[in-house]
Each structure stands twice: as structure tokens, then as C-alpha cells.
Amino acid sequence: DVVMTQSPLSLPVTLGQPASISCRSSQSLVSSDGNTYLNWFQQRPGQSPRRLIYEVSTRDSGVPDRFSGSGSGTDFTLKISRVEAEDVGVYYCMQATHWPQTFGQGTKVES
Amino acid sequence: HVQLVQSGGEVKKPGASVKVSCKASGYTFTGYGITWVRQAPGQGLEWVGWISTYSGDANYAQKLQGRVTMTTDTSTSTAYMELRSLRYDDTAVYYCARETDSWGQGTLVTVSS
């Protein structure tokens, strides 16, 4: 199975300041079709996960543009340009290139 | 709009089975697969499996192989996940999702004697 490793696992943030989460995969996430199926999810306390980013860098509809995704191959990053109070929660990366699909351990963002 | 509504919470004894439903609306059901994910109390997300609503083909997490079965009923746009021989560590909130972009509210399955 592809192992997804996130860091840090806990991220204290200051409102209005940037934040960044790293996600590394144990093997390349480039698919045979040339796409890279790396997603980012946000889970606020008591809520279902919400997808923020798919295919490394494409924001889902309604996701604020302060969220951005980047990376390639095995190394990926989620950035929040200016953290807002509503961004508190746990963030997960997930790869959907290889079966079984796998999640990172999660990064808890707290102010 | 896209909506996935799951069945209510369940309490089961070890060794029993549970079947969770996920009713989809707001889109063409057979145009997207259904992903199932679970989350044990205080833990992270764990991929359970995926089913093609078009063909019925499914992929399961290896650790659950032999105990989990995913099915769909295209006439009612409903997906099902059945887990058998329940163990205490199957206690979790089970989520369904349209691929990964829209999620249900979750179903708490508690395994307790």
C-alpha cells in the first residue's frame, strides 16, 4: 500500500498568518494516464470531511482562494495564505492513484 | 444539489453484521462511484473501499477483505456497505462519498457486548 506521511501532525497557527502542511507518498502518485490523483480534505470538529483540492492543485467549487495545493511525484503541500478562524480543524491528504486509496494521518490546525 | 443521506446509527454485538445505506440525489447516480471511509473515535480517516455504480465492480481495503461487501441499487440511487463478523475495533463513523467530492453525514456503528 502507498503510505502517506503528513507533517507536522499538529500546527499551531496565528490568525492572518500563512500555514503550510506537507504530505509525502511512499511512491510516485503519477498515474498511467499522466494525472496525479492527490486530494486534500478539511474536517472541522463534528463534521464530515470536505474536499478542498483535487489532482494536486485544483480547488473545489466554493473553496476560498487562500487555500492552494502544489507538488509533484511524491512531495505535496497544502498552503493557507492567511489563516482564518474557520480554518481550524484536521487536514488530510489522500492518494487515489493506486489501489487501495490511502490517507495521511491528518494534521490538526489549531489557533 | 448533490446530497448523500446515510442510515442511522447502529449498535451491534461482536460477531454480528451491519448494513449501512447511502441514498444519493441531485445527480446521475451511475455517473460516479461511491467511496466508503471510516473513522474510529478520535482517529483519522481510513479508506474502506470503492464501488462502481455503473458496473458494480468494487475494491476493498485488504484488512477488511472477506468481511465487507459493497452493493448498489440503481433503481433507488442507493449504495450499501455490509460489514460482517463485527469486532470491537470496527466501532467507527462510516462515511459514504460520491467519489471524494461530496460526503454523507456519517453513520456511527458501535460494536459492544
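Criteria and cut-off values
Residues numbered from 1 in each chain as written. Chains lettered and ligands numbered in written order. Predicted model: local features only at pLDDT ≥ 70, side-chain atom pairs only at ≥ 80, totals over all residues. Heavy atoms only, no water. Contact = heavy atoms within 4.5 Å. Buried area = accessible area lost by both parts, 1.4 Å probe. Salt bridge = Lys/Arg side-chain N within 4 Å of Asp/Glu carboxyl O. Polar contact = N/O pair within 3.5 Å; in protein donor to acceptor, adjacent residues only side chain to side chain. Helix = DSSP H or I, 4+ residues; strand = E, 2+ residues; numbered from the N terminus. Nonpolar A, V, L, I, M, F, W, Y, C, P; charged D, E, K, R; others polar. Phe/Tyr/Trp six-rings, centres within 6.5 Å; stacked < 30°, edge-to-face > 60°. Buried < 20%, exposed > 50% of the residue type's maximum accessible area, 1.4 Å probe, protein only. Lys NZ or Arg CZ within 6 Å of the ring centre and 35° of its normal. Pairing = 2+ DSSP bridges. Axes fitted to C-alpha atoms, helices over the stretch in contact; angles between N-to-C directions. Core = buried A, V, L, I, M, F, W, Y, C linked by side-chain atoms within 4.5 Å.

**A short note on the interface of chain B and chain A**
A common way to express how large an interface is: the accessible area buried when the components associate.
Next up, step 1: Chain B puts 16 residues into the contact, and the matching count from chain A is 14 residues.
Next up, step 2: Summing both sides of the interface, chain B and chain A together bury roughly 1,300 Å²; the carbon and sulfur share of this comes to 62%.
Next up, step 3: It is L45(B), W47(B) and T100(B) that lose the most area in chain B upon contact with chain A, and together they represent 47% of the buried surface on that side.
Next up, step 4: Counting the contacts that link chain B with chain A gives zero salt bridges.
Next up, step 5: Seen at the junction of chain B and chain A, the total is six residue pairs in polar contact (both at pLDDT 80 or more).
Next up, step 6: If one sorts the elements of the side of chain B that touches chain A by residue count, strand 5 (residues 46–51) of chain B sits on top with three residues.
Next up, step 7: Looking at side-chain class alone, the side of chain B that touches chain A contains six nonpolar, eight polar and two charged residues.

**Here's the deal with the packing of aromatic side chains**
Next up, step 1: Counted under the stated rule, the structure contains eight aromatic pairs over all chains.
Next up, step 2: Plain terms: the ring middles of W99(A) and W47(B) are 5.7 Å apart, the flat faces sit at 45 degrees to each other, and that makes the pair tilted. Taken together, the residues W99(A) in the loop between strand 9 (89–95) and strand 10 (102–103) and W47(B) in strand 5 connect one chain to another.
Next up, step 3: Overall, W47(B) belongs to the buried group, its relative accessible area being 4%.
Next up, step 4: Plain terms: the ring middles of Y95(B) and W103(B) are 5.9 Å apart, the flat faces sit at 70 degrees to each other, and that makes the pair edge-to-face. Residues Y95(B) and W103(B) agree in their burial class; the two are buried.
Next up, step 5: Of the aromatic side chains, those joined through ring pairs into one cluster are F41(A), Y92(A), F103(A), Y95(B) and W103(B).
Next up, step 6: Sitting over the face of the ring of Y80(B), K19(B) holds its NZ or CZ atom 5.0 Å from the ring centroid.
Next up, step 7: Of note, R98(B) hangs over the ring of Y27(B), and the distance from its end group to the ring centre comes to 4.8 Å.

**Details of the side chain of T78(B)**
Residues and elements named next belong to chain B.
Next up, step 1: Turning to its location among the elements, T78 is positioned in strand 8 (residues 78–83).
Next up, step 2: Take T78: its relative accessible area is 6%, and that puts it in the buried class.
Next up, step 3: A polar contact of 3.0 Å, which involves the side chain of T78, links it to the backbone oxygen of T76.
Next up, step 4: Residues within four places of T78 in sequence aside, it is in contact with S21, C22, K23, F29, T71, T72 and D73.

**Some points on the sheet that holds strand 8 (residues 75–80) of chain A**
All names here are of chain A.
Next up, step 1: Spatial ordering of the open sheet is given by 1-3-8-7, a layout of four strands whose pairing is antiparallel. Looking along the sheet, the strands with just one partner apiece sit at the ends: strand 1 (4–7) and strand 7 (67–72). With strand direction ignored, the average angle separating the axes of adjacent strands in the sheet is 20 degrees.
Next up, step 2: Bridge count between strand 7 and strand 8: six bridges; the pairing is antiparallel. By the bridge assignment for strand 8, S72 is matched with D75.

**Comments concerning the nonpolar core**
Next up, step 1: Ranked by size, the top nonpolar core spans 24 residues in total, and within it I34(B), W36(B), V68(B), M70(B), M81(B) and L83(B) carry the most contacts.
Next up, step 2: Put simply, the parts of the chain that give this core at least two residues each are strand 3 (18–25), strand 4 (34–39), strand 5, strand 7 (68–73), strand 8, strand 9 (92–98) and strand 11 (107–111) of chain B.
Next up, step 3: The element best represented in this core is strand 3 of chain B, accounting for four residues.
Next up, step 4: Not counting the four nearest positions on each side in its chain, M81(B) is found in contact with V18(B), K19(B), V20(B), W36(B), V48(B), V68(B), T69(B), M70(B) and Y94(B).
Next up, step 5: In this structure, V2(A), W40(A), F76(A) and L78(A) belong to the second largest nonpolar core, which totals 22 residues.

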